[in-house]
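Fold and geometry: a report
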Amino acid sequence: MVGVGFRSHCGGRMAVWQWLRCFSGPRLQRIHRSPDQTRPDGRSSRRGFNYQPRGLEKHTDNILGWASTVWSLSYYSSPLLLCYLYRKGYICSSKLVPVSQYLGTILICLLGVACLRGWGRWKNPEYLQFISILEENKRNHSPENKRKLRCFTFDFPHWPQDFSWREVSSPKLTKAGVSLLKPEPKLRGTADSILYSVRTLPCHIIGYLVAHTFGRRMLYPGSVGLLQKAMKPMLMQGQAKLIEEYDGQRNKLVACDGNEIDTMFVDRRRDGGHNGKTLVICCEGNAGFYEVGCMNTPLDAGYSVLGWNHPGFGDSTGVPFPQNEANAMDVVIQFAVHKLGFQLNDIIVYAWSIGGFTATWAVMSYPEIQSLVLDASFDDLLPLALKVMPESWRPLVQYTVRRYVNLNNAEQLLKYQGPVLLIRRSRDEIITTGGPEDIMSNRGNDLLLKLLQSRYPKIMTDEGIRVVKQWLGASNQLEEASVYSGYEVDDGWCVSVLQSYQADRDVLFPWSVGEDMTQEGRRQLALFLARKYMRNFESTHCTPLPASEFHSPWKL
């Protein structure tokens with residue numbers, strides 16, 4: 001009898017412990033079939049299914065979800081709400097006591113609802129299996145336990161850490177994080193500097209408020225919670241496709257600022273193809289997520305691919321200011337090298353739109369990276385910001401951009417010595433300062449001109465710049481070919497001239513090739529280099545880039 005009572009007591013304690021784990025556990029979203037399971041035809045398949053909570057768990061989860069939504073709305077509207085209550089005379093002890101009692105009662109009811117949800121989860125064998133695997137993974141983060149955990153998609157804050165910047169020493173770190181290029185300060189005397197600071201103090205305060213409120217959300221709409229909530233079903237579907245069809249591996253990386261970065265890695269090295277040995281790290285746009293973003297382009301081309309979400313996007317934490325963005329990019333590269341086993345010269349960085357900032361930072365900071373592909377990107381944020389803001393705001397916009405969101409892509413790109421490919425969208429409506437029909441106002445043109453002028457200053461004289469601009473003004477392939485053939489460019493001769501210069505000197509950029517050359521020769525080289533460094537894609541800004549348009553950059 002004593003033995004039976006002891007076993008019953010232990011069983012009761014075990015049941016209570018399981019219920020507590022279910023009570024505090026994460027929301028389970030999807031269950032993926034294990035990679036070990038195969039279909040009748042012998043092919044591996046990870047086709048899974050969305051987790052279906054039972055009646056009690058489903059209803060209590062809905063109640064807690066609504067409560068969370070009401071709390072979020074109350075939090076963001078609290079300044080207006082407090083002003084209203086103050087004017088109505090509700091902020092006084094006689095009014096606050098009953099309100100606090102009502103709130104206390106609501107909290108107790110919500111706690112009871114959470115307890116019932118835990119009970120519903122405890123009665124579901126699928127959730128019990130998941131929570132047991134999660135707890136075991138926290139105790140022992142072995143490869144086998146990690147493989148089992150990857151069969152589930154659940155709330156990311158509960159996902160165990162897979163890699164941290166602390167695991168490797170990084171000499172690039174400062175107190176705030178990795179190093180960024182800063183605008184050069186204007187030299188002033190001590191008295192002038194104090195007077196200037198006092199006069200510009202209101203502008204500094206307003207600039208800070210603009211950058212940290214609507215400015216950041218305008219620049220990175222993907223960080224807005226409402227947009228993410230609306231896109232949640234699409235993001236879950238995209239993530240399931242990467243895991244189940246491409247055997248993608250989800251990982252949590254911790255950057256030096258404490259932000260948790262959600263990543264997805266697809267390994268093609270075992271497939272035997274040449275491209276699979278190269279890793280493409282993808283940097284998404286300002287409303288892009290790896291689940292539905294530019295990852296698919298290199299995937300379809302057969303590369304190994306590592307995608308990641310900006311801080312504040314999807315399940316990544318933080319906010320997407322330049323410093324946080326660079327910190328995130330740094331830990332992604334460290335993860336690729338130290339955990340995934342790729343060498344820097346086996347990595348291509350591919351960026352779309354605003355992702356060009358982190359991509360150019362990466363190649364500037366890690367110059368051994370094989371190459372860089374920038375799709376629909378720009379040289380500098382400031383001209384684009386001035387385009388959408390009132391002219392009277394110009395001083396404020398200039399200060400705010402340079403101080404808080406200085407996306408200086410061209411400045412960072414010019415520090416890199418490796419191969420670069422720029423892809424320009426011929427009908428781009430986002431990074432033009434004119435309109436989609438004004439192809440010469442596309443800021444990708446400025447990025448190309450700055451790169452060529454930096455690397456080949458003797459070729460890119462006034463005449464060289466003129467003919468390149470003429471080529472850039474072509475709106476389709478037929479016009480491009482007409483400009484190119486009009487100057488009778490001899491590709492073979494251009495290659496031989498550049499190879500001869502490289503063989504004789506083998507120097508870093510800038511090159512002095514073209515110094516003792518005729519005007520005609522410099523024109524030919526300028527057009528030849530422009531066509532090698534930039535490819536035109538006839539589309540709008542947001543059209544996904546086909547795999548057929550994704551190429552490794554030209555290398556002499």
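Per an unreviewed UniProt entry, the chain goes by Abhydrolase domain containing 16A, phospholipase and derives from Oryzias sinensis.

Broken down by element type, the chain carries 20 helices and twelve strands. Projecting the C-alpha coordinates of the chain onto the three principal axes gives extents of approximately 105 × 70 × 45 Å. The burial tally for the chain puts 46% of its 556 residues in the buried class. Considering only contacts in the chain between residues 6 or more positions apart, those separated by 24 or more positions represent 73%. Carbon and sulfur atoms make up 57% of the accessible area of the chain, which totals about 28300 Å². Taken together, the 64 basic and 53 acidic charged side chains of the chain have centroids lying 10 Å from each other.

Glancing now at the nonpolar core. Within the largest apolar cluster, 96 residues are counted, with the highest numbers of intra-cluster contacts made by I281, V349 and L448. Broken down by element, the residue count for this core peaks at eight residues, all from helix α11 (residues 322-338). Each residue touching V349, except ones within four places of it in the same chain, is listed here: I281, C283, M329, A359, A362, V363, I369, S371, L372 and V373. Among the nonpolar cores identified, the runner-up in size contains 23 residues, and Y290, W352, I423 and L545 belong to it.

With that out of the way, let us pick up the side chain of S316. Note on placement: S316 falls in the loop between β8 (304-308) and α11. A distance of 3.0 Å separates a polar side-chain atom of S316 from the backbone oxygen of N309. Each residue touching S316, except ones within four places of it in the same chain, is listed here: E260, I261, D262, N309, H310 and P311.

Moving on, we come to the sheet that holds strand β1 (residues 28-31). The strand order across the open sheet formed by three strands is β2-β1-β3, and the pairing between neighbours is antiparallel. The outermost strands of the open sheet, each flanked by one partner alone, are β2 (49-50) and β3 (152-154). Direction of pairing for β1 relative to β3: antiparallel, over a ladder of three bridges. Counterpart to R30 in the pairing with β3 is T153. Running at roughly 85 degrees to β3, helix α5 (residues 125-139) makes contact with β1, β2 and β3 of the sheet. Each of β1 and β3 is contacted by helix α9 (residues 225-246), which is oriented at about 35 degrees to β1, the strand it contacts most.

The next point concerns the sheet that holds strand β10 (residues 371-375). Sheet strands line up and pair through hydrogen bonds in the backbone, either parallel or antiparallel. One open sheet holds the nine strands; their spatial order is β4-β5-β6-β8-β7-β9-β10-β11-β12, and the pairing between them is mixed. Each edge of the sheet is formed by a strand with only one pairing partner; in this case those strands are β4 (163-164) and β12 (534-537). Strand direction decides the pairing type here: strand β11 (residues 420-425) and β12, joined by four bridges, are parallel. Within β12, the position partnered with R425 by the bridge is F537. Across the face of the sheet, α11 comes into contact with β4, β5 (249-254), β6 (260-266), β7 (279-283), β8 and β9 (347-352) while running at roughly 150 degrees to β8. Running over the sheet, helix α20 (residues 519-533) touches β11 and β12 and is turned about 60 degrees from β12.

It is worth spelling out the packing of helix α17 (residues 462-472) against α20 at this point. Interaxial distance between α17 and α20 falls to 9 Å at its minimum, and their mutual angle equals 45 degrees. Accordingly, the angle class assigned to the pair α17 and α20 is oblique. The hand of the α17/α20 crossing is right-handed. Between α17 and α20, the contacting residues are E463, G464, R466, V467, V468 and W471 on the first element and Q519, R523, A526, L527, A530 and R531 on the second. In terms of residue class, the contact of α17 with α20 is made up of six nonpolar, two polar and four charged.

So, about the pattern of salt bridges. Considering all chains together, one arrives at 22 salt bridges under this definition. For D162, the salt bridge identified is with K146, shortest N-O distance 3.8 Å. Of the two residues, D162 is situated in the loop between β3 and β4 and K146 in helix α6 (residues 143-149); the sequence distance between them amounts to 16 residues. The exposure class assigned to D162 is buried, which follows from its relative accessible area of 3%. Note on K146: relative accessible area 17%, which makes it buried. Salt bridges linked by common partners bring D379, R443, D446 and K450 together as one network.

Parameters and conventions
Residue numbers here run from 1 along each chain, matching the order of that chain's written sequence. Per-residue local features are limited, in this predicted model, to residues with pLDDT of at least 70; the limit for side-chain atom pairs, both in listing and counting, is 80 or more; totals at the level of whole chains, interfaces and linings are taken over all residues. Side-chain descriptors were evaluated using all non-hydrogen atoms of the structure, hydrogens and water having been removed beforehand. Only runs of H or I of at least four residues qualify as helices and only runs of E of at least two qualify as strands under DSSP, and these elements are numbered from the N terminus. Working definition: with a 1.4 Å probe on protein chains only, accessible area under 20% of the residue-type maximum means buried, over 50% means exposed, and in between means partly exposed. Note on definitions: a residue-residue contact is assigned when non-hydrogen atoms from the two residues lie within 4.5 Å. Each accessible area value is a Shrake-Rupley result obtained with a 1.4 Å probe; residue values ignore everything except the protein chains displayed when judging cover. All tallies of charge rest on Lys and Arg as positive and Asp and Glu as negative; His and the ends of each chain are not included. Think of each charge as sitting on NZ of Lys, CZ of Arg, CG of Asp or CD of Glu. Put simply, buried Ala, Val, Leu, Ile, Met, Phe, Trp, Tyr and Cys residues joined by side-chain atoms within 4.5 Å make one nonpolar core. Under this definition, polar contacts are N or O atom pairs within 3.5 Å; protein pairs additionally need one hydrogen-donor-capable and one acceptor-capable atom, and for neighbouring residues in sequence, both atoms have to be side-chain atoms. One bridge is not enough; two strands pair if DSSP finds at least two bridges between them. Every angle, taken between N-to-C directions, lies between 0 and 180 degrees, and every axis is a line fitted to C-alpha atoms, over only the stretch in contact when it is a helix. Roughly parallel refers to an angle under 35 degrees, roughly antiparallel to one over 145, roughly perpendicular to one between 65 and 115, and oblique to any angle outside these ranges. In this scheme the handedness of a crossing depends on how the near helix is turned from the far one: anticlockwise by less than a right angle means left-handed, clockwise means right-handed. In this classification, the charged set is Asp, Glu, Lys and Arg, the nonpolar set is Ala, Val, Leu, Ile, Met, Phe, Trp, Tyr, Cys and Pro, and all remaining amino acids, among them Gly, are polar. Each reported salt bridge corresponds to a side-chain nitrogen of Lys or Arg within 4 Å of a carboxyl oxygen of Asp or Glu.

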